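The primary structure of each chain is shown beneath.
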Amino acid sequence: MMDVIVIGAGPAGLAGAIASANSGLKVIVIDEFIKPGGRLIGQLHQERSGEWWNGIEESERLHQEAITLSVDIRCGVSVYNLEKDGDLWNVHTSIGTITVPFVLIATGAAEYPIPLPGWTLPGVMSIGAAQVMTNVHRVQVGKKGIIVGANILAFAILNELQLAGIHVDRIVLPEKGPLSGKAGEPEEVMKSLLHAAHLAPSPLLRIGSRFMKNDWFRKTGMKFFPKNGVKVNGTPLLLRKAAIEVIGMKQVEGVRVADTDANGTIIPGTETVYEADFVCIAGGLYPLAELAAVAGCPFQFIHELGGHVPHHSETMETPLEGLFVAGNITGIESGKIAIAQGTTAGYSIAKHAGKCGAVIDEQLNQAIQNVRLIRMQAAIQFNPDIESGRRKMSELWEKLYEKPANLHSTQKLG
Amino acid sequence: MNSNEAIVVCRCEEVTYGQLRTTAEEHQCTAREIKLRTRAGMGFCGGRTCRIPLDRIIEDVLPNVSQGDIPLKYQPPIRPVSFGTVGEKND
């Protein structure tokens, strides 16, 4: 029998498998995709230090290390249910049911769209899909593209598309409304972009990071935001233009946009059409927590972490005996954090399994410190308030699960 | 009809923004109820694509409801599987 099943062969899952296997446990890793690495294999960017972060190489390194430790990795396999049976977990997969004492859910995140008229036309895709096609499948997504939605993920992938020689013509905002939320409000977008100002070689954004955190300056900045946008890696970012509709007969032919005021409200009579043969919608990411939910794990909505996240401790355990989580399911952060969390979860599982004696405490402690260190060193955050989100979860955990004899209520999904 | 009304929000079940909005307004309902009434989120992808837009519609229509108060239920199987697989009759 296996000791541990890891669901998801991304950075968190592979790192978790490695740490567990290193501690003497027998580990199987399941992944839905045809090859391991998860979203790591889409990543390619230059760090501030000048070094390149090559996700394909990173995932290959993790994959090889796992194989060396005799981790059984099965790709192209889906998990459709997870249930507790006495002291064990039954993990129902497309290749049968696997029974184990320990489960690590490392399913990462999913993208959410911002639906707009015409978004079902061929040629419209999520920004993440453009990344996978470009960096994983090596397929050119189109000749001239428009990104709808300005966020960190969009900028990172814009850069990757450019590296692949794909022309992204413009970045515009979605139309303000219930479906777009803050992504349609220029001022809110500006606020979140200021945290990534060093990515944008524009004086306005760079100066912005210094004093535009003040509301008055920000409003003024929006009012005078240049109509033709500021350039991000050479691509105009148009915070005062909103995408109203994707147009085309049988496939994308362009995007109808209109000028907006500083609040994102459309100015009538300003409509124009930008030609394009592909459109990327950059909505955002949310923790993909389905399996933790069907397993019966309690959840908390924490905006800073990207949505509903399973209750978990800093050692990556959930309130359910034998169930652990790591990576973006616990909150939207970088692949490096996911690796560090995976390692923590792997040692945490080994500790619960009674492996490695006294040394495991030291390893676990070091792994937790490492997560904090990497978070501190991160150049950019998907959510600038990530620290506060992490703190909320750890306070919640302490309140609910660490004080003995404390009757507590928890929120379940469903 | 306003073109926004015709936006397909749930692509699997082809449910439009207009239908969802009308349903939410008429019944002042939860995410679960809107799902049962319109089938939005009940298609092949299991609601992974339209979950957040659905929550946002509810949040917008219902006063004093925020995304944090909207737990949309997950049910197994969370991936499309054949009856044979669920019945454990694998060849």
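What you see is a predicted model; the values in this text were computed from it and never measured.

Some details on the overall build of chain A
- The helix and strand inventory of chain A stands at 11 helices and 22 strands.
- Counting across all 414 residues of chain A, residues that qualify as buried make up 55%.
- In chain A, the proportion of contacts linking residues at least 24 apart, taken out of those at least 6 apart, comes to 62%.
- Accessible surface computed for chain A: about 17,400 Å², of which carbon and sulfur atoms make up 52%.

Observations regarding the interface of chain B and chain A
- Facing 32 residues of chain B, the contacting portion of chain A comprises 36 residues.
- Around 3,000 Å² of area is buried between chain B and chain A when both sides are counted, 63% of it from carbon and sulfur atoms.
- Our count for the contact surface shared by chain B and chain A stands at three salt bridges.
- Its salt-bridge partner being Arg48(B), residue Glu290(A) comes within 3.3 Å of it at the nearest N-O pair.
- Taken together, chain B and chain A are joined by nine residue pairs in polar contact (both at pLDDT 80 or more).
- Among the elements that make up the side of chain B that touches chain A, the one with the highest residue count is helix H3 (residues 51-61) of chain B (six residues).
- Counted by class, the side of chain B that touches chain A contains 15 nonpolar, eight polar and nine charged residues.

Brief notes about the side chain of Thr23(B)
All names here are of chain B.
- Mapped onto the fold, Thr-23 is located in helix H1 (residues 17-27).
- Polar contacts involving the side chain of Thr-23 include one to the main-chain carbonyl oxygen of Gln-19, which spans 2.6 Å.
- Discounting residues that sit within four places of it in the chain, Thr-23 has contacts with Gln-28, Cys-29, Ile-34, Arg-37 and Thr-38.

A short note on the environment of Glu47(A)
All names here are of chain A.
- Mapping Glu-47 onto the fold places it in the loop between strand E3 (44-46) and strand E4 (52-54).
- When its relative accessible area of 24% is taken as the criterion, Glu-47 is described as partly exposed.
- For the pair Glu-47 and Ala-378, spaced 331 residues apart in the sequence, the C-alpha separation amounts to 10.0 Å.
- If near-sequence neighbours (up to four positions away) are discounted, Glu-47 is found in contact with Trp-53 and Lys-336.

Basis of the calculations
Residues numbered from 1 in each chain as written. Chains lettered and ligands numbered in written order. Predicted model: local features only at pLDDT ≥ 70, side-chain atom pairs only at ≥ 80, totals over all residues. Heavy atoms only, no water. Helix = DSSP H or I, 4+ residues; strand = E, 2+ residues; numbered from the N terminus. Buried < 20%, exposed > 50% of the residue type's maximum accessible area, 1.4 Å probe, protein only. Contact = heavy atoms within 4.5 Å. Areas by Shrake-Rupley, 256 points an atom, 1.4 Å probe, with all protein chains shown as cover. Buried area = accessible area lost by both parts, 1.4 Å probe. Salt bridge = Lys/Arg side-chain N within 4 Å of Asp/Glu carboxyl O. Polar contact = N/O pair within 3.5 Å; in protein donor to acceptor, adjacent residues only side chain to side chain. Nonpolar A, V, L, I, M, F, W, Y, C, P; charged D, E, K, R; others polar.

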